[in-house]
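Examination of the molecular architecture
Chain by chain, the residues:
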Amino acid sequence: MHLVIDVDASEEGNGNGSSSKQPAVVIKTLTSAEELQAVARLRAEAYYAEDRSRFADSFKKQFAAQEVESLRSRTSGSNGRPQMSACLVALQPDSSKVLGCIDIRLPQTATGTRALGVPEDDAAGCYLLNVVVSEDWRGQGIGKALMAAAMAQAVHVWGAQRLYTHVEADNEVASGLYKSCGFREHSSEEKYANTLSLGRLVLLMAAAADAPAVQDTLFAQQA
């Protein structure tokens, strides 16, 4: 089964206060080569969104090619190494166009290796990152839907007990999204100093209880 979510245009601050419903999106685990290529292109566009140089297209192509190989390795494992990450995609149901994506760095309890970004003493912690929504589809609740689906998969499929992410200290939009999903600023104890702040980034945490109660079967991989 796929997870089908009706997204509300008012959820991510479209500015007009509208509560009208937008078409449903399908959120599923990335599986096909076409989805992999689309995710890589989407991330390249986001990464170089502000680059107006004549080299921008070349940079995007190089970034996308590298991301294809990196994401394939992270989500499938290779050379006897376990799968380290999962990637979810939001699809437009009538065309299967990739509208957004999110990554989950799996907990140490599932992989044997601590997820980068998770405090050193938390073997059951996972890390959410790379939330990207296509520019034409932003402000329609897709980012929040991806977050909710990733939190549910991390907890119900991979056994995570805590979920972490970093946010830029002055990014009010992203902070609002994460807080609406149950994230809050993590402890400022000295032992977390290396994880708490990366430049202008602040570490946020949500508990397993904050994840939506969604059945594991909604996240079965589909060919």
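Conventions we followed
Residues numbered from 1 in each chain as written. Predicted model: local features only at pLDDT ≥ 70, side-chain atom pairs only at ≥ 80, totals over all residues. Heavy atoms only, no water. Buried < 20%, exposed > 50% of the residue type's maximum accessible area, 1.4 Å probe, protein only. Helix = DSSP H or I, 4+ residues; strand = E, 2+ residues; numbered from the N terminus. Pairing = 2+ DSSP bridges. Arc of directions from axis to C-beta. Contact = heavy atoms within 4.5 Å. Expected span 1.5 Å × (residues − 1). pLDDT = per-residue confidence, 0-100. Axes fitted to C-alpha atoms, helices over the stretch in contact; angles between N-to-C directions. Parallel < 35°, antiparallel > 145°, perpendicular 65-115°, else oblique. Left-handed = near helix turned anticlockwise from the far one by under 90°. Nonpolar A, V, L, I, M, F, W, Y, C, P; charged D, E, K, R; others polar.

Labelled according to an unreviewed UniProt entry, the protein appears under the name N-acetyltransferase domain-containing protein, originating from Tetradesmus obliquus.

For strand 3 (residues 85-92), the tally of buried residues reaches eight of eight residues, placing the bulk of the element in the interior. On strand 3, burial covers both faces: Ser85, Cys87, Val89 and Leu91 on one face and Ala86, Leu88, Ala90 and Gln92 on the other are all buried. Bridge count for strand 2 (residues 25-29) against strand 3 is four bridges, and the pairing is antiparallel. Paired with Thr29 across the bridge in strand 3 is Leu88. The pairing of strand 3 with strand 4 (residues 97-105) spans eight bridges and is antiparallel. Residue pairing across strands places Val89 opposite Cys101, the latter belonging to strand 4. The turn linking strand 3 back onto strand 4 is made up of four residues, and Ser96 within it adopts a positive phi angle of 60°.

Within the secondary structure layout, Leu42 lies in helix 1 (residues 33-47). Under the relative-accessibility criterion, Leu42 is labelled buried at 13%. Spatially, the C-alpha atoms of Leu42 and Val132 are 7.4 Å apart, while their sequence positions differ by 90 residues.

A few words on helix 5 (residues 172-180). Along helix 5, the residues that are buried comprise Ala174, Ser175, Leu177 and Tyr178. Along the long axis of helix 5, the arc covered by the buried residues comes to 160°, so they all point the same way. Exposed side of helix 5, more than 90 degrees from the buried face: Glu172, Val173 and Lys179 are the residues found there. Tucked inside the fold, the buried residues of helix 5 contact strand 5 (125-133), helix 4 (142-156), strand 6 (162-168) and strand 8 (201-207).

The subject of this paragraph is the pairing of strand 4. Among the nine residues that make up strand 4, seven are buried, leaving the element largely enclosed by the rest of the structure. As paired strands, strand 4 and strand 5 are joined by five bridges and run antiparallel to one another. Across the sheet, Arg105 pairs through a bridge with Tyr127, a residue of strand 5.

The subject of this paragraph is helix 2 (residues 56-76). In a regular helix each residue adds 1.5 Å, so 21 residues correspond to 30 Å; helix 2 covers 30 Å between its end C-alpha atoms and thus fits that length. Among all positions of helix 2, only Ala56, Lys60, Ala64, Glu67, Val68, Leu71 and Thr75 are buried. One side of helix 2 carries all its buried residues, which in axial view fall inside an arc of 120°. Looking at the buried positions of helix 2, the neighbouring elements they touch are helix 1, strand 3 and strand 4.

Of the residues in the protein, 79% reach a pLDDT of 70 or more, and the chain-wide mean stands at 82. Here residues 215-223 scores under 50 on pLDDT; set against residues more than four positions off or in separate chains, the count is 21 contacts.

Moving on, we come to unusual backbone geometry. The backbone of Ser96 shows a phi angle near 60°, a positive value even though the residue is not glycine. We classify Ser96 as partly exposed; its relative accessible area is 47%. Phi is positive for Asn130, which is not a glycine, with a value near 60°. Within the secondary structure, Asn130 sits in strand 5.

Now for the packing of helix 4 against helix 5. Closest axis-to-axis distance for the helix 4/helix 5 pair is 10 Å, and the angle between their directions is 45°. It follows that helix 4 is oblique to helix 5 by the angle criterion. Relative to helix 5, helix 4 is oriented so that their crossing is right-handed. Contact residues: Gly143, Lys144 and Met147 in helix 4; Leu177, Tyr178 and Ser180 in helix 5. Of the residues contributing to the contact of helix 4 with helix 5, the split by class is three nonpolar, two polar and one charged.

Turning our attention to the side chain of Glu35. Along the chain, Glu35 turns up in helix 1. Owing to a relative accessible area of 10%, Glu35 belongs among the buried residues under this scheme.

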